[in-house]
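Coordinates in review
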Amino acid sequence: MGNVVEVRDLKLHYFTSKGPVRAVDGISFSLAPGETLGVVGESGCGKTTIGLGMLRMPTPPGRIVGGSIVIDGTDIVPLSENQLRRSVRWQTISMVFQGAMNCLTPVFTVGKQMMETLQQHKEMDRTRAEETIVRYLGLVGLPPDIVRRYPHELSGGMKQRVVIAMALFLEPKVVILDEPTTALDVIVQAQILNVVKDLKRRLGLSMIFITHDLATEAEVADRIMVMYAGKVAEIAPNRMVYDRPPCHPYTQRLLAATPRLHAKVDELAFIPGAPPDLLDPPKGCRFQPRCSVAMDACGEEPPLIEIEPGHLVACWRCRNA
Ligand SMILES: Nc1ncnc2c1ncn2[C@@H]1O[C@H](COP(=O)(O)OP(=O)(O)O)[C@@H](O)[C@H]1O
Ligand SMILES: [Mg+2]
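In this text, all values refer to a predicted model and were calculated from it rather than measured experimentally.

Within a regular beta strand, the side chains point alternately toward one face of the sheet and then the other, so they alternate between its two faces. Residue alternation in strand 6 (residues 93-96) divides its side chains into two sets, Ile93 and Met95 and Ser94 and Val96, and both sets are buried. Two elements, strand 6 and strand 7 (residues 174-178), share four bridges in a ladder whose sense is parallel. Following the sheet pairing, isoleucine 93 is matched in strand 7 by valine 174.

Written as structure tokens, this is what we have:
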């Protein structure tokens, strides 16, 4: 079976008064049916922008300026807003937005909000809609009586389950989860990861799981895509990233800075410096100014090359790995 998502050379820039912020700047990746792709990288590297781009709903002043996003066989970049609404958004691909659990309306019960979301997108009578809501609550491990509660009566983990259930209502093929565990404590994080893994198993969902935390990706992702400053630094099967050293110096640094994956905690390393300003990113390799092994060649941009089956790296040092 072909890939459910094929993104080619996608560029999404924010046209600010100071000039274009090149938040996503020529990235390519694919997603196989039933696969979970982890998207990881420091804050500001373009993760959320990729997700919003894939729904064709960039935050203003963002605009897709190049590339294609083929979802389930159709390039959605040239589609009209009408076509997107009718057959793509929420139906083929949906997203749990970063911080969505804090955006539930405080004045309505959970049931009322779920009902409104469902009926906005799908025509069904009340009884069927109620059944659907209860079924999806069950899928994310919540009891039916939650519908009568108000958001403030729920824990963070319960609210996160509610918004995940709402993203699944229209049975999309692909779901993007943007930092779904970030604001939660460790125990609740683990519970949400279990919900996500369970959904993947039971519904055969293809997922894009965005987080800044490599340890979280190690738990859920089949493959991991490491982003740096609007570009893909490395894509590799999950085990390849944490079982043996990844090749890109940025991925290596991320790994060394991730306590739960790094055995010798006293060696924990911070990555010096900060990601670049995407109004004026460095020429050549964008990681070069922070890279301890940079060389002359890095003044030119390294292409993303497959160095072994399924393992792609954009680093001049990894060419002969
Ligand atoms: N609405 C916007 N206007 C201008 N710049 C933005 C906007 N949204 C995001 N950016 C910039 O785009 C870059 C990528 O942001 P984002 O996709 O949110 O990163 P991440 O999710 O990895 O933290 C950052 O440099 C951010 O400042
Ligand atoms: Mg983000």
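Here the focus is the packing of helix 3 (residues 110-121) against helix 4 (residues 126-139). Close contact between helix 3 and helix 4 brings their axes to 10 Å; oriented N to C, the two are set at 115°. As summarised for this structure, helix 3 and helix 4 are arranged roughly perpendicular, according to the angle between their axes. When the axes of helix 3 and helix 4 are compared, the crossing they make is right-handed. Residues Gly111, Met114, Met115, Leu118 and Gln119 of helix 3 lie in contact with helix 4, whose contacting residues are Ala129, Thr132 and Ile133. Of the residues assigned to the contact of helix 3 with helix 4, the class counts are five nonpolar, three polar and no charged.

Lining the immediate surroundings of ligand 1 are 16 residues, of which Tyr14, Ala23, Lys47, Thr48 and Thr49 lie closest. Elements represented by at least two residues in the shell around ligand 1 include exactly strand 1 (5-16), strand 2 (19-31) and helix 1 (47-54). When residues of the shell around ligand 1 are assigned to their parent elements, the largest contribution, three residues, is made by helix 1. In terms of residue class, the shell around ligand 1 is built from six nonpolar, nine polar and one charged.

Further remarks concern the sheet that holds strand 2. Taken in spatial order, the four strands line up as 2-1-4-5 in an open sheet, and their pairing is antiparallel. The open sheet has two free edges, formed respectively by strand 2 and strand 5 (74-75), since each of these has just one partner strand. As defined by bridge partners, strand 1 adjoins strand 4 (residues 62-71) across eight bridges and the pair is classed as antiparallel. Looking at strand 4, one finds that leucine 12 is bridged to isoleucine 64. Packing against the sheet, helix 1 makes contact with strand 1, strand 2 and strand 4, and its axis sits at approximately 70° to strand 2.

As a further point, take the pairing of strand 9 (residues 223-228). Of all six residues in strand 9, six are buried; the element is thus mostly enclosed. Where burial is concerned, the two faces of strand 9 agree: the one with Arg223, Met225 and Met227 and the one with Ile224, Val226 and Tyr228 are both buried. Bridge count for strand 9 against strand 10 (residues 231-237) is six bridges, and the pairing is antiparallel. Within the sheet, the bridge partner assigned to valine 226 lies in strand 10 and is glutamate 234. Counted along the chain from strand 9 to the antiparallel partner strand 10, the turn is two residues long, and its residue alanine 229 has a positive phi close to 50°.

Take the nonpolar core next. Grouped together as the largest cluster of nonpolar side chains are 87 residues, with contacts concentrated most on Met225 and Val226. Considering each element in turn, this core owes the most residues, seven residues, to helix 5 (residues 156-168). Both domains that meet at this core, namely domain 1 (5-92 + 173-318) and domain 2 (101-171), each give it at least three residues. When neighbours within four sequence positions are excluded, valine 226 is seen to be in contact with Val40, Gly41, Ala233, Glu234, His248, Tyr250, Thr251 and Leu254.

On to the environment of valine 163. Summarising the element assignment, valine 163 is placed in helix 5. Valine 163 gets classed as buried once you count the C-beta atoms within 10 Å, which come to 22. Measuring from C-alpha to C-alpha, the distance between valine 163 and methionine 101 comes to 6.1 Å, with 62 residues separating the pair along the chain. Those residues in contact with valine 163 that lie beyond four places of it in its chain are Val96, Ala100 and Met101.

Attention now goes to the domain arrangement of the protein chain. According to the domain assignment, the protein chain contains domain 1 (5-92 + 173-318) and domain 2 (101-171). Computed from C-alpha coordinates alone, the two centres of domain 1 and domain 2 are separated by 29 Å. For the side of domain 1 that touches domain 2, the element with the highest residue contribution is helix 6 (residues 186-203), accounting for five residues. The residue inventory of the side of domain 1 that touches domain 2, partitioned by class, reads nine nonpolar, two polar and no charged.

What counts, and where the lines are drawn
Residues numbered from 1 in each chain as written. Chains lettered and ligands numbered in written order. Predicted model: local features only at pLDDT ≥ 70, side-chain atom pairs only at ≥ 80, totals over all residues. Buried ≥ 20, exposed ≤ 12 C-beta atoms within 10 Å, placed from the backbone. Helix = DSSP H or I, 4+ residues; strand = E, 2+ residues; numbered from the N terminus. Pairing = 2+ DSSP bridges. Axes fitted to C-alpha atoms, helices over the stretch in contact; angles between N-to-C directions. Parallel < 35°, antiparallel > 145°, perpendicular 65-115°, else oblique. Left-handed = near helix turned anticlockwise from the far one by under 90°. Contact = placed C-beta atoms within 7 Å. Nonpolar A, V, L, I, M, F, W, Y, C, P; charged D, E, K, R; others polar. Near = placed C-beta within 6 Å. Core = buried A, V, L, I, M, F, W, Y, C linked by C-beta atoms within 7 Å. Domains from an automatic or database assignment.

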